[in-house]
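# Architecture at a glance
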Amino acid sequence: MRVRVQELIGRPGQSERLQRAIDPAELVPPDTDDVRWDPPGATIAGQLEPDLRLESVVDGILVRGTVDVDLVMACSRCLEEIVDEATVELAELFHDPRRLEVADYQEGEDYLVEHDLVHLELGRALRDALTLVVPSRPLCREDCAGLCVVCGADRNVTDCGHGDEDVADPRWAKLGDLELDDD
Ligand SMILES: [Zn+2]
Ligand SMILES: [Zn+2]
């Protein structure tokens, strides 16, 4: 998603706010045909609500603030759907390409204002920040009992009758170890 910065670039001290809602369709990387982008392990519900400030500084444009987003995920133990409100913190310098030495530019690391100095591409910075905010093992609640390893029943809602002695069955010992590793 491109943001116009022509009136800001090269005018340190000037700033603008960015608060319009962002659709997941605007996050699609430029080299793909996808209709929307979601971070690995989650789906974005609705739109992103940014409260960002674009500040002109000597070296470029500083983009700072927060983006509120609702993430839909599956509990890593019981697979129940979870909706988690997340606030993504953003603080990234988009270099003025005239001021960044080519030797210092790191592909995939640095963010640049586009060379025509009219827009900056905010998409990658948002994708990077959103990817980091998704938990690797989302839980519907801290003490989620998970699925029964014998019959697959959701132990949060039913007592399927498979007690701990079944779980301790040597055939399931490896699974039991994995469960312990979760905590
Ligand atoms: Zn759960
Ligand atoms: Zn069971």
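Read on for an overview of the structure.

Rules behind the numbers
- Residues numbered from 1 in each chain as written.
- Chains lettered and ligands numbered in written order.
- Predicted model: local features only at pLDDT ≥ 70, side-chain atom pairs only at ≥ 80, totals over all residues.
- Helix = DSSP H or I, 4+ residues; strand = E, 2+ residues; numbered from the N terminus.
- Buried ≥ 20, exposed ≤ 12 C-beta atoms within 10 Å, placed from the backbone.
- Contact = placed C-beta atoms within 7 Å.
- Core = buried A, V, L, I, M, F, W, Y, C linked by C-beta atoms within 7 Å.
- Pairing = 2+ DSSP bridges.

### Details of the overall build of the protein
Secondary structure summary: the protein contains 3 helices and 7 strands in total. Taken from the N to the C terminus, the helices and strands of the protein come in the order β-β-β-β-β-β-β-α-α-α. Counting over 183 residues, the protein shows a buried share of 15%. Looking at the protein alone, contacts between residues at least 24 apart form 60% of all its contacts between residues at least 6 apart.

### Here's the deal with the nonpolar core
Nonpolar side chains tend toward joint burial in soluble globular proteins. Of all hydrophobic cores here, the largest spans 22 residues; its most connected members are Val5, Leu54, Ile61, Val63, Val69, Val113 and Leu120. Listing elements by their share of this core, those giving two or more residues are strand S3 (43-57), strand S4 (60-74) and helix H1 (123-133). When residues in this core are grouped by element, the largest group, 6 residues, is from S4. With residues up to four places along the chain from it excluded, the contact list for Val113 reads Val5, Ile9, Gly60, Ile61, Phe94, His95, Asp96, Pro97 and Leu120.

### Some details on the pairing of S3
Where strand S2 (residues 15-18) lies against S3, 4 bridges are found, and the strand directions are antiparallel. Residue pairing across strands places Glu16 opposite Leu54, the latter belonging to S3. One ladder, built from 12 bridges, connects S3 with S4; its direction is antiparallel. Bridged to Glu55 within S4 is Leu62. Between S3 and S4, which pair antiparallel in sequence order, lie 2 residues.

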